[in-house]
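Chain by chain, the residues run as shown.
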Amino acid sequence: MTTVTTPLEKQRTGAAAGPRPRRRPAAGRRRAPGRPSAAWALPGLVFFALFAVVPMGLAVYLSFTSWDGLTSPTPVGFDNWTRLFGDPEFLQAARLSALLTVISWLFQTPVALLLGVWAAGRQRNRAVLSAVFFLPLLLSTTAISVLFHALLDPNFGVVKEIGPWFGIDPNILGSSTGALLTIAFVGGWQFMPFHTLIYQGGMRQIPQVLYQAAAIDGAGPVRQFFSITLPQLRNTITTSSVLMVVGSLTYFDTVLIMTKGGPGTDTTIVPYLMYRAGFQSYDLGYASAVATALVVVATGLSLLMVRFSGFGAMRSTREGM
Amino acid sequence: MSAHPTAARPAARRPRRLGNPLAGAGALVWLVVVLLPLYTLISSSLTRQDQALSGNPLAPPADPTLDNYGFVLDSGFLTLMGNTAVVAVATVALVLVLSVPVAYVAVRTRSAASMAVFRTFLLGVAIPAQAVVVPLYLLIAKMGMYDTLLAVILPTAAFAMPVAVLVLTSAMRDISEELYEAMALDGARPLRMLWQLTVPMSRAGISTVGIFSALQAWNGFLFPLILTQSEEQRVLTLGLFTFMGQFGLNVPALLAAVVLSVVPVFTVYLFARRALTNGLMGVGGK
């Protein structure tokens, strides 16, 4: 069970050698002069609560009302919720969201992991390439969606030229599987640099001694990857996966701009359904129920993943960055 | 920078070099995947509209032109740019002014109250913007701010805060206790410590947070979509979306608008690459 000791080991051997041990005695001297009172945090807290926490609570409340956006919300009990679980559109959206999440994870994790491990080397060409790999992350989702929408135009887009090489039908956004896969791909294209960097950072924290020891024992690169790199990156994989899952459950701009939920309703994932119900049909109570369900699932999934990987056992996460 | 002991080098390197060809080839494939769309973006934006519809989109423009850029600039692009700049600057200012004290308290006091505040922000990372747009719509309307830039700025700043607090806290944690003690001996009060010690020492974290909040504000789409309406309050992302409908078959102009919308961000990236990438790397380097 070498993996269990990983976080501890990392804390001991990592760059965290700095202020940590010194701080502990200081924590006892609570009334030392020159410590700010907690009230300093109040403006930030109030502001954050007003625009993020309160609305979250309000969303739950609104999910028990009927509201058209103009008149006042009227309480309707569990109506929206019973409707939600019997609504074939919502069930399809939930299925599509789940599918998109799985596809995105399967696509992004291996590529980001390998790119990150590769980029962690310190040669100059890697730094240059990494800078190029980073570019998609700078573009807004809107810009990326508009760009890919143009590239994938069956009449004059790039897909018309390149598609046939790979046996891809140029009308890719017009086919139900193609559209969903495209959305997963475009999301991956955009967020790959982010996950690559996360893996690169994780990779750099693995003590070199482990690789030296393995090399002395005669382990080849493949063996080293599976016996050292992967287990050592376990927490990084969790972090990245949680962000990926929450990210793909909340894809929205891409769908609105590229497919408008189509063809038919084949890319109407949950956030898009929420938008359509709320801001196109002005059924804002129902939209709130959809949004609340989305948060519950996203949070539940992240907690589950954190639990299962033992990530929660770690404290003080960002030491030694 | 942590230089490896020279003695360790050969042993550490040899296995990597063996693994390189495959990983290197993979990286090259990804390079094509990244660059091809970007290349097409640029080359299409320089192509004349009539040629764009008939020619091969992969070929470089036979007769490059900047007309598309002129057309976009004449279509109200500068208003979009101006609005977005206002939103970005205001968001960064708000985020920093509000988050720095929160992180300072989280690092410097160990009271239950300050830990509770910190934990609130930690949980806040998990709230997706989509979950709150309906109530925000209600809130902003009730506050009389619907269809103003403020309606975009306030929630954007609030949603940038959790990550800001996390990054700032970790930057401030590395400031050694002795420095505070020395200042305390000089009779410094918390405000002076914050201003003369904490802020200068966590400059890297502060610039990371600034750049991230600016990027988030610059690229935000959902809040402007839901909380503004009129053309005067439109930001870049929304502008691209409406251009898409307006320009119809004028794809080169649309892509020129995309290029223009990215130029400021790329410029910042050129100067602040370190702050950006190091900040991100820290997320997983736990």
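Residues numbered from 1 in each chain as written. Chains lettered and ligands numbered in written order. Predicted model: local features only at pLDDT ≥ 70, side-chain atom pairs only at ≥ 80, totals over all residues. Heavy atoms only, no water.

Can you lay out the overall build of chain B for me, pointing to particular residues and giving the numbers?
When its secondary structure is counted, chain B shows twelve helices and zero strands. Going residue by residue from the N terminus, the α and β elements of chain B occur as α-α-α-α-α-α-α-α-α-α-α-α. In terms of overall dimensions, chain B is more spread out than a globule: its C-alpha atoms have a radius of gyration of 24 Å, far above the 19 Å expected for 286 residues. With the C-alpha coordinates aligned to their principal axes, the bounding extent of chain B is approximately 75 × 65 × 35 Å. (Helix = DSSP H or I, 4+ residues; strand = E, 2+ residues; numbered from the N terminus. Rg over C-alpha atoms; globule rule 2.2 N^0.38 Å.)

Give a detailed account of the overall build of chain A, specifying residues and quantitative values.
Regarding its fold elements, chain A presents 15 helices and two strands. The buried share among the 321 residues of chain A stands at 53%. When the accessible area of chain A is evaluated, it comes to approximately 14,100 Å², of which 67% is carbon and sulfur surface. (Buried < 20%, exposed > 50% of the residue type's maximum accessible area, 1.4 Å probe, protein only. Areas by Shrake-Rupley, 256 points an atom, 1.4 Å probe, with all protein chains shown as cover.)

Describe in detail the UniProt feature "domain: ABC transmembrane type-1" (unreviewed entry) in chain B, supporting the description with residues and values.
Here the UniProt-annotated "domain: ABC transmembrane type-1" (unreviewed entry) positions come out as residues 81-272 of chain B. Secondary structure content for residues 81-272 of chain B is 82% helix and 0% strand, and the end C-alpha separation is 21 Å. (UniProt positions renumbered as here; feature names shortened; annotations may be inferred.)

Go over the interface of chain A and chain B with me, naming the residues and quoting the values.
With 110 residues of chain A in contact, the opposing surface of chain B contributes 113 residues. The contact between chain A and chain B buries some 9,900 Å² in all, and 76% of this surface belongs to carbon and sulfur atoms. Across the pair Glu177 of chain B and Arg35 of chain A runs a salt bridge whose closest N-O atoms are separated by 3.3 Å. The tally of links between chain A and chain B comes to six residue pairs in polar contact (both at pLDDT 80 or more). (Contact = heavy atoms within 4.5 Å. Buried area = accessible area lost by both parts, 1.4 Å probe. Salt bridge = Lys/Arg side-chain N within 4 Å of Asp/Glu carboxyl O. Polar contact = N/O pair within 3.5 Å; in protein donor to acceptor, adjacent residues only side chain to side chain.)

Lay out the nonpolar core with the relevant residues and their values.
If you look at the biggest cluster of nonpolar residues, it comprises 180 residues, and the most contacted ones within it are Phe133 of chain A together with Val72 of chain B. Take this core: its biggest share by element is 16 residues, from helix H12 (residues 251-284) of chain B. Discounting residues that sit within four places of it in the chain, Val72 of chain B has contacts with Phe77, Phe243, Phe247, Ala253, Ala256, Ala257 and Leu260 of chain B. (Core = buried A, V, L, I, M, F, W, Y, C linked by side-chain atoms within 4.5 Å.)

Could you give an account of the UniProt feature "transmembrane region" (unreviewed entry) in chain B, naming the residues involved and the relevant values?
According to UniProt, the feature "transmembrane region" (unreviewed entry) maps to residues 21-42, 85-107, 119-140, 146-168, 204-227 and 247-272 of chain B in the numbering used here. Secondary structure across residues 21-42 of chain B divides into 100% helix and 0% strand, with the first and last C-alpha atoms of the span separated by 31 Å.

Provide a residue-level description of the UniProt feature "transmembrane region" (unreviewed entry) in chain A, including the pertinent values.
Mapped onto this structure's residue numbering, the UniProt feature "transmembrane region" (unreviewed entry) falls at residues 39-64, 98-120, 127-152, 172-194 and 284-306 of chain A. Helix makes up 83% of residues 172-194 of chain A and strand makes up 0%, while its end C-alpha atoms are separated by 27 Å.

Before we move on, could you go through the packing of helix H5 (residues 88-119) of chain A against helix H12 (residues 234-249) of chain A and cite the residues and values that matter?
Residues and elements named next belong to chain A. Two numbers describe how H5 lies on H12: the axes approach to 9 Å, and their chain directions differ by 140°. Comparing the axis directions of H5 and H12 gives the class oblique. The handedness of the crossing between H5 and H12 is right-handed. Mapping the contact onto sequence places Ser97, Leu100, Thr101, Ser104, Trp105, Gln108 and Thr109 in H5 and Ser241, Met244, Val245, Ser248 and Leu249 in H12. Of the residues belonging to the contact of H5 with H12, the class tally is five nonpolar, seven polar and no charged. (Axes fitted to C-alpha atoms, helices over the stretch in contact; angles between N-to-C directions. Parallel < 35°, antiparallel > 145°, perpendicular 65-115°, else oblique. Left-handed = near helix turned anticlockwise from the far one by under 90°. Nonpolar A, V, L, I, M, F, W, Y, C, P; charged D, E, K, R; others polar.)

Give a detailed account of the confidence of the model for chain B, specifying residues and quantitative values.
All names here are of chain B. Here chain B averages 86 in pLDDT, while 91% of its residues score no lower than 70. Of all secondary-structure elements in chain B, the lowest mean pLDDT belongs to helix H1 (residues 9-45), at 75, while helix H10 (residues 222-227) reaches the highest, 96. Predicted confidence for residues 1-18 stays below pLDDT 50, and this span has 15 contacts to residues more than four positions away or in other chains. On the interface metric, ipTM, the complex scores 0.87, and its pTM is 0.85. (pLDDT = per-residue confidence, 0-100.)

Can you lay out the environment of Pro252 of chain B for me, pointing to particular residues and giving the numbers?
Residues and elements named next belong to chain B. Along the chain, Pro252 falls in helix H12. Accessibility expressed as a relative area gives 1% for Pro252, which makes it buried. For Pro252 and Thr47, which are 205 residues apart along the polypeptide, the C-alpha to C-alpha distance reads 6.3 Å. Sequence-distant contacts of Pro252, defined by excluding residues within four places in its chain, comprise Ser44, Ser45, Thr47, Gln49, Ala52 and Asn68.

I'd love a proper account of the confidence of the model for chain A, names of residues and values included.
All names here are of chain A. In this model, chain A carries a mean pLDDT of 84, and residues with pLDDT of at least 70 account for 86%. Within the model, the stretch residues 1-31 combines pLDDT values under 50 with 33 contacts to residues more than four positions away or in other chains. Considering only residues more than four positions removed or in separate chains, one finds that residues 312-321, a stretch of pLDDT under 50, has 27 contacts.

Give a detailed account of empty space enclosed by the protein, specifying residues and quantitative values.
Inspection of every chain in the model, using the stated rule, returns two cavities of 30 Å³ or more. Reported here for the second largest cavity is a volume of approximately 50 Å³. Surrounding the second largest cavity, Leu138 and Ser140 of chain A together with Trp218, Asn219, Leu236, Thr237, Leu240, Ser261, Val262 and Val265 of chain B form its lining. Of all the elements in the fold, those that place two or more residues in the lining of the second largest cavity are helix H9 (203-219), helix H11 (236-246) and H12 of chain B. The class makeup of the residues in the lining of the second largest cavity is six nonpolar, four polar and no charged. (1 Å grid on protein atoms, 1.4 Å probe; cavity = no way out; pocket = protein on both sides within 12 Å on 5 of 7 lines; lining within 4 Å. Points joined across faces, edges and corners; volume = space filled by probe spheres on them.)

Could you give me a rundown of the pattern of salt bridges, with the residues and numbers involved?
In the structure shown here, the tally under the stated rule is seven salt bridges over all chains. With a shortest N-O distance of 3.4 Å, Arg48 of chain B and Asp67 of chain B are connected by a salt bridge. Taken together, the residues Arg48 of chain B in the loop between H1 and helix H2 (49-54) and Asp67 of chain B in helix H3 (residues 67-108) connect sequence positions 19 residues apart. A cluster of three or more residues bridged by salt bridges with shared partners is formed by Arg35 of chain A together with Arg108 and Glu177 of chain B.

Can you lay out the UniProt feature "domain: ABC transmembrane type-1" (unreviewed entry) in chain A for me, pointing to particular residues and giving the numbers?
In the numbering adopted here, UniProt assigns the feature "domain: ABC transmembrane type-1" (unreviewed entry) to residues 94-305 of chain A. Secondary structure over residues 94-305 of chain A splits into 76% helix and 0% strand, and the C-alpha atoms at its two ends are 19 Å apart.

Residues and numbers for unusual backbone geometry, please.
Residues and elements named next belong to chain A. The omega torsion across Gly262 and Pro263 is 0°, close enough to zero to call that bond cis. By the secondary structure assignment, Pro263 is in the loop between helix H13 (253-258) and helix H14 (270-280). Not every positive phi belongs to a glycine, and Lys260 is a case in point at roughly 50°. Positive phi, close to 50°, is recorded for Tyr282, a residue that is not glycine. For Tyr282, the position within the fold is in the loop between H14 and helix H15 (284-309).

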